[in-house]
Amino acid sequence: MRLAAALCCVAMAASLQPQTVPLHKLLSTCIDAAGRGCARIRSVQESGATDATLKIAGDAKSALTAADLAAQAAVVGALSKAWPGLTIVGEEDEAALDEDHELGKPLDDALLDWECTTSVDLSKARVFVDPLDGTREFVEGRLDAVQCLVGVAVGDAPVCGAVGLPFPADGGPPRVIYATSRGSVGPSDAPRALKRDSETLLVIAGDGSDAAQAAAVEAFPGADFAVRGAAGNKLKSVAEGEADVAVLHRKTSAWDTCAPSSAVLAAGGRVTDYFGAPLSYTGAVGNTLGVIASSKRAAKAHDAACATLRRDARALAVLESYGVRGPSHAADIARDL
């Protein structure tokens, strides 16, 4: 990902005064926006226009399709109109905004059948949009791994997220699951966190060859292992109890993790970098120190793995690339650099 492009935001300063909005209303519009993104993705897939270009030569994970751009335009266009002054960071920032905003239909802020007392100061919030998470999977036809992600963070804390499923595994129409990081998950028919039958932990990761990622997987000795595609899909698997741990490579970004992290947190899990520090949503958008997400039952294994990585030469080599030597507060120091 190009850092300069990634940091490009859609920010419309309509007012200098803070605008505080109820969390459930903001989340409702994110759910609606994710649904519109899913509709655009399906439309492109049904048209057969799934050819991809690579933003980074030779890197299949950097694939870009017409579906990415169409979903970005719909999601960011609608959200920027619904919430003037809100900072929106989208992966495909070069996509032109959707001028008609779905023929002028405003986003629905009343989709949820519950209300909460939590409010969000829009001047302190950032919305992270991955219009099509799993572009490689989309191109290769592994459609059940594809998602449209819309997450909200205040400071460094994800507060809620909408995970759009353009191609649900059951073959049904697009649907959106959502969560607040404090425990509200929906809709009512959304899969709930389940305890796996096996007492052995299941760790999932991608098929990359990065040495630090390999070290992170190996830091869970005795666990079963499976390859699974797309960052959001991995985190969703942890949130829903299909896996205990997800290890993400060091090329993911805030838009990959913000929305599904809320679901992991709602299920009692944790999301950190390889060294045990929380992910940052206030600075640079890249998760350059990797990501580990775990279920509630894998909490002790998560801590032990991070402790192992703070001593592992392959992981510490990542810190040394930032000029940091030694594990003491290493993740925080590297992030500041």
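Coordinates for the structure precede this section.
Reading guide: rules and limits
Residues numbered from 1 in each chain as written. Predicted model: local features only at pLDDT ≥ 70, side-chain atom pairs only at ≥ 80, totals over all residues. Heavy atoms only, no water. Salt bridge = Lys/Arg side-chain N within 4 Å of Asp/Glu carboxyl O. Helix = DSSP H or I, 4+ residues; strand = E, 2+ residues; numbered from the N terminus. Axes fitted to C-alpha atoms, helices over the stretch in contact; angles between N-to-C directions. Parallel < 35°, antiparallel > 145°, perpendicular 65-115°, else oblique. Contact = heavy atoms within 4.5 Å. Nonpolar A, V, L, I, M, F, W, Y, C, P; charged D, E, K, R; others polar. Pairing = 2+ DSSP bridges.

Engineer: How should the pattern of salt bridges be read in this particular structure?
Structural biologist: Scanning the model with the defined rule gives 14 salt bridges in all. In this structure, Glu-218 engages Arg-314 in a salt bridge whose closest nitrogen and oxygen atoms are separated by 2.9 Å. Taken together, the positions of Glu-218 in helix α5 (residues 211-218) and Arg-314 in helix α9 (residues 313-320) put the pair 96 residues apart, joining distant regions of the chain. Across the pair Arg-314 and Asp-312 runs a salt bridge whose closest N-O atoms are separated by 3.1 Å.

Engineer: What exactly am I supposed to notice about the packing of helix α6 (residues 231-239) against helix α7 (residues 254-266) here?
Structural biologist: For any two helices packed against each other, one specifies the inter-axial angle together with the distance between the axes. Across the interface, α6 lies against α7 with an axial gap of 8 Å and an inter-helix angle of 5°. With respect to α7, the element α6 is oriented roughly parallel. In contact with Ala-231, Gly-232, Leu-235, Val-238 and Ala-239 of α6, α7 contributes Asp-256, Thr-257, Pro-260, Ser-261, Ala-263 and Val-264. For the contact of α6 with α7, the residue count by class is seven nonpolar, three polar and one charged.

Engineer: Hey, could you run me through the sheet that holds strand β14 (residues 245-248) in this one?
Structural biologist: Within a sheet, adjacent strands bond to each other through the backbone by hydrogen bonds, running parallel or antiparallel. Spatially, five strands are ordered β13-β12-β14-β16-β15 in an open sheet, and the strand pairing comes out mixed. Sheet topology places β13 (224-227) and β15 (270-272) at the edges, where each strand pairs with a single neighbour. The average angle at which neighbouring strand axes cross in this sheet is 15°, direction not considered. Taken together, the three bridges between strand β12 (residues 202-205) and β14 define a ladder with parallel strand orientation. Its bridge partner lying in β14, Ile-204 is registered against Ala-246. Across the face of the sheet, α5 comes into contact with β12, β13 and β14 while running at roughly 170° to β14.

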